[in-house]
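Here is how the chains run, residue by residue.
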Number of protein chains: 2
Amino acid sequence: MSDDLTPKYTEKGKSFERDMDYIPDRILAGAAPADPLESTYGARSDVPVWPVEPGRYRLVAAPACPWANRTLIVRRLLGLEDVISVGKPGPTHDKRSWTFDRDPGGVDPVLGMERLQEAYLNRYPDYSKGITVPAMVEIDSKQVVTNDFPWITHDLYFEWKEHHREGAPDLWPAELREEMETVMKRVFTEVNNGVYRCGFAGSQEAYEAAYDRLWAAMDWLEERLATRRYLMGDAITEADVRLFTTLARFDAVYHGHFKCNRNKLTEMPNLWGYARDLFQTPGFGETIDFEQIKEHYYVVHTDVNPTGIVPKGPELDSWLTPHGREVL
Amino acid sequence: MSDDLTPKYTEKGKSFERDMDYIPDRILAGAAPADPLESTYGARSDVPVWPVEPGRYRLVAAPACPWANRTLIVRRLLGLEDVISVGKPGPTHDKRSWTFDRDPGGVDPVLGMERLQEAYLNRYPDYSKGITVPAMVEIDSKQVVTNDFPWITHDLYFEWKEHHREGAPDLWPAELREEMETVMKRVFTEVNNGVYRCGFAGSQEAYEAAYDRLWAAMDWLEERLATRRYLMGDAITEADVRLFTTLARFDAVYHGHFKCNRNKLTEMPNLWGYARDLFQTPGFGETIDFEQIKEHYYVVHTDVNPTGIVPKGPELDSWLTPHGREVL
């Protein structure tokens, strides 16, 4: 548990900084991106492009991971189950990688590999950065195409439109786009990543600064959701998907393990009602596996929880109680 | 932080077992114990006896420690402040002992020592067991008299009666004694010590067994307190003191740090009302120092919380909200 290969998540005296340098390839429907506003929001135009093609890619997404969880939700909301298959690594890593230890024989049945790392090494034999999920993998070549998670869900919406189910929701409404990007940015830096900044802080000062930022954002969200059923108003958008995957892990993991403990999510009436509303919406709740979520964090982060013991609590049946948000 | 002197609180594969072998001396008012029922409840008759004498002893009791906290409450309830002085070690230990680091110059102003360990070594030069609080120390000789905490509060009541304030509560009502001993025993094994059994479990199995025992007892207490204002009925007894010091630490420490997280204390209406009722009763709340409590657990148990970071939460102002228990 303590040899040199054991990853360290906290660094003494340091704040946590997420490495956002992912494999930037895109899977696009045409030569140019379909999102008319894309250039405004930072897409790189000089990245390798792969074609949209049903059955060509496998989405590797561990249910435990909040970033991967986004892709599982969006794939279901858009009805892409038949065109993009899913491989699901188990909740814990071995020293090198997420593994397919929950699959029969410990091997992904489509990619035929034990570790997601193999797909990264097939692409870059010297790959030395983190083996992360979600990852889009080309099935024939068994190579990772991209692990750039914000663009993966973006492109599932804009680029795979031809394959969406009938009546698929408009997750990126053009008229709300500008405000939505602002909201998503704040949710990402202060909440999605903010909980990690609390949990992986390497000093009391870094932790307290992260905690204050997180709760300022949680209070802002609580107020915003007092008058809006969803983050952007009356309909579910990508912004809700992104917030939801953090809220689903909040009381189960972040409250205790990451010391995000001013209060539980269940103590914020609007956020708690909102989270249950989404949980009970088809496409959301069925992607949540609380057991895998708890096991992932409490077992993998050996420098935060050296005993590896996974809490039995909290009681989670209340996710299924009525939320009363329909009136909004 | 990891040399051989660092205490280990968890032992891989093991359940936590509290060493209950304390220095068994008693401080008695007469040659024989004053408690008429004492022999029934396990007092040892062959232990060294010291005389009750105002000003002779100093009670060393760290506010952070739940076992010491009992003595601070009982001393105040009985009005013994003028006959037994108090020394208060800070919330963290150094490698050898509780220290008086919060006193001017880092020295207890009456005992003139930096570490409580000195008083133990004055008594037993080879003393090798834990240096624990509460400890009664003879001021002149600077020797520990006893650290046997259940008997310390028992004797403050039965043996120091002559010095109690007028109107001091009957903390050990004779007519309730038998039931009270049963209640206190269950509270001790399942709750007071039960939270430690969760937090210091060395295996998932030991933890889960401890968790189930703890919550079975918490549910029993919740039900018991539905119809009784206090544990034994209409009046505060020693049984309430003993339960209170664990409840006061529950959400602040045990919920997260010890993984006692089925729910917060604030989510159990009767126990939470009861805890606030006591907190707001003179003698209880003023002995609680939440900052020291949190610092103690999160800093001292380096094998449970290696980063040493102390959570900012939970919000604790709610301890002062109305409890509505007067109607019972």
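These figures come from a predicted structure and were not determined experimentally.

Caption draft 1: Seen up close, the interface of chain B and chain A. Every contact between the two is made by 31 residues of chain B and, on the other side, 31 residues of chain A. Buried surface at the junction of chain B and chain A, both sides included, amounts to about 2300 Å², of which 53% is carbon and sulfur. Of all residues in chain B, Lys259(B), Ile309(B) and Lys312(B) bury the most surface against chain A, accounting for 27% of the area lost on that side. Joining chain B to chain A, the criterion identifies four salt bridges. Residues Asp212(B) and Lys312(A) are paired through a salt bridge, measuring 2.8 Å at the closest nitrogen-oxygen approach.

Caption draft 2: Structural view of the relation of the copies chain B and chain A. Once turned by 180 degrees and shifted 0.0 Å along the axis, chain B lies on chain A with an RMSD of 0.0 Å. Here the symmetry operator amounts to a two-fold rotation axis. Relative to the rotation axis, the C-alpha of Gly256(B) is the closest in chain B, positioned 2.3 Å from it. Comparing interface residues between copies, 100% of those in chain B also lie at the interface in chain A; the contact surface is shared.

Caption draft 3: Representation of the packing of helix H4 (residues 177–192) of chain A against helix H7 (residues 238–247) of chain A in the model. Residue and element names in this part refer to chain A. At a minimum axis distance of 10 Å, the contact between H4 and H7 shows a crossing angle of 10 degrees. Taken together, the axes of H4 and H7 lie roughly parallel to each other. On H7, the residues touching Met180, Met184, Val187, Val191 and Asn192 of H4 are Glu238, Ala239, Arg242, Leu243 and Thr246.

Caption draft 4: The pattern of salt bridges, seen in detail. This structure, assessed with the given rule, holds 44 salt bridges over all chains. Notably, a salt bridge pairs Arg56(B) with Glu53(B), separated by 3.1 Å at the nearest N-O pair. The partly exposed category is assigned to Arg56(B), whose relative accessible area is 22%. Note that Arg242(B) and Glu238(B) form a salt bridge whose closest N and O atoms lie 2.7 Å from each other. Here Arg242(B) and its partner Glu238(B) are both found in helix H7 (residues 238–247), four residues apart, which amounts to about one turn of the helix. Neither Arg242(B) nor Glu238(B) differs from the other in exposure class; each is buried. Via salt bridges that share partners, Arg26(A), Glu38(A) and Asp155(A) belong to a single interconnected network.

Basis of the calculations
- Residues numbered from 1 in each chain as written.
- Chains lettered and ligands numbered in written order.
- Predicted model: local features only at pLDDT ≥ 70, side-chain atom pairs only at ≥ 80, totals over all residues.
- Heavy atoms only, no water.
- Contact = heavy atoms within 4.5 Å.
- Buried area = accessible area lost by both parts, 1.4 Å probe.
- Salt bridge = Lys/Arg side-chain N within 4 Å of Asp/Glu carboxyl O.
- Least-squares fit on C-alpha atoms with pLDDT ≥ 70 in both.
- Axes fitted to C-alpha atoms, helices over the stretch in contact; angles between N-to-C directions.
- Helix = DSSP H or I, 4+ residues; strand = E, 2+ residues; numbered from the N terminus.
- Parallel < 35°, antiparallel > 145°, perpendicular 65-115°, else oblique.
- Buried < 20%, exposed > 50% of the residue type's maximum accessible area, 1.4 Å probe, protein only.

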